[in-house]
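Spelled out from the first residue to the last, the chains are:
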Amino acid sequence: MDTERLLSQGARGTHLLFDRGMIAEAFEQRAEDLRSVVDCELDAIQGALQELLELPDADAGRDFIRGLPRPVQYVLVLLYFELLDGTLRTGSVTLH
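Residues numbered from 1 in each chain as written. Predicted model: local features only at pLDDT ≥ 70, side-chain atom pairs only at ≥ 80, totals over all residues. Heavy atoms only, no water.

Enquirer: Which residues make up the pattern of salt bridges, and what values go with them?
Expert: A full pass over the atoms with the stated rule returns six salt bridges. Its salt-bridge partner being glutamate 32, residue arginine 30 comes within 3.8 Å of it at the nearest N-O pair. Under the relative-accessibility criterion, glutamate 32 is labelled exposed at 52%. (Salt bridge = Lys/Arg side-chain N within 4 Å of Asp/Glu carboxyl O. Buried < 20%, exposed > 50% of the residue type's maximum accessible area, 1.4 Å probe, protein only.)

Enquirer: Lay out the packing of helix 3 (residues 31–54) against helix 4 (residues 58–66) with the relevant residues and their values.
Expert: Where helix 3 contacts helix 4, the two axes come as close as 9 Å, and the packing angle between them is 155°. Regarding the angle of helix 3 to helix 4, the classification is roughly antiparallel. Every pair of crossing elements has a handedness; the one defined by helix 3 and helix 4 is right-handed. Within the contact between the two elements, helix 3 uses Ala48, Glu51 and Leu52 and helix 4 uses Gly61, Phe64 and Ile65. For the contact of helix 3 with helix 4, the class distribution of residues is four nonpolar, one polar and one charged. (Axes fitted to C-alpha atoms, helices over the stretch in contact; angles between N-to-C directions. Helix = DSSP H or I, 4+ residues; strand = E, 2+ residues; numbered from the N terminus. Parallel < 35°, antiparallel > 145°, perpendicular 65-115°, else oblique. Left-handed = near helix turned anticlockwise from the far one by under 90°. Contact = heavy atoms within 4.5 Å. Nonpolar A, V, L, I, M, F, W, Y, C, P; charged D, E, K, R; others polar.)

Enquirer: Break down helix 2 (residues 20–28) for me, with residues and values.
Expert: Since the α-helix advances by 3.6 residues per turn, residues separated by three or four positions end up pointing in the same direction. For helix 2, the set of buried residues is Met22, Ile23 and Ala26. Projected onto a plane normal to the axis of helix 2, the buried residues spread over an arc of 100° and lie on a single side. Opposite the buried face of helix 2, at more than 90 degrees from it, the exposed residues are Arg20 and Glu28. In this fold, the buried residues of helix 2 make contact with helix 3 and helix 5 (70–90). Structurally, the start of helix 2 carries an N-cap: the backbone nitrogen of glycine 21 is 3.1 Å from a side-chain oxygen of aspartate 19. (Arc of directions from axis to C-beta. Polar contact = N/O pair within 3.5 Å; in protein donor to acceptor, adjacent residues only side chain to side chain.)

Enquirer: Outline the side chain of glutamine 73, listing residues and values.
Expert: You can see glutamine 73 is positioned in helix 5. For glutamine 73, a relative accessible area of 2% corresponds to the buried category. Side-chain polar atoms of glutamine 73 contact the backbone oxygen of leucine 68, separated by 2.8 Å. For glutamine 73, the contacting residues outside a window of four places in its chain are Met22, Ile65, Arg66, Gly67 and Leu68.

Structure representation (structure tokens):
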């Protein structure tokens, strides 16, 4: 997976791995609930991230994410936005 492309597109507001509905649902979750998911499903989340990064493209990534349990999907959405935010703050993505 081309993470630089994902982040570059994300910086422009196009989130290739998640649709608007999934993003909205993820941000509606209570922080305490998501913390519990991370605590209980840490191995599954780490495995999902590793597998996701090994996929060939964003389309395969979207399909893969759709097959994950909903709470894990929410965590991945929020992790993605944390990464995107950090990247934007450090200026690592070049906007064209």
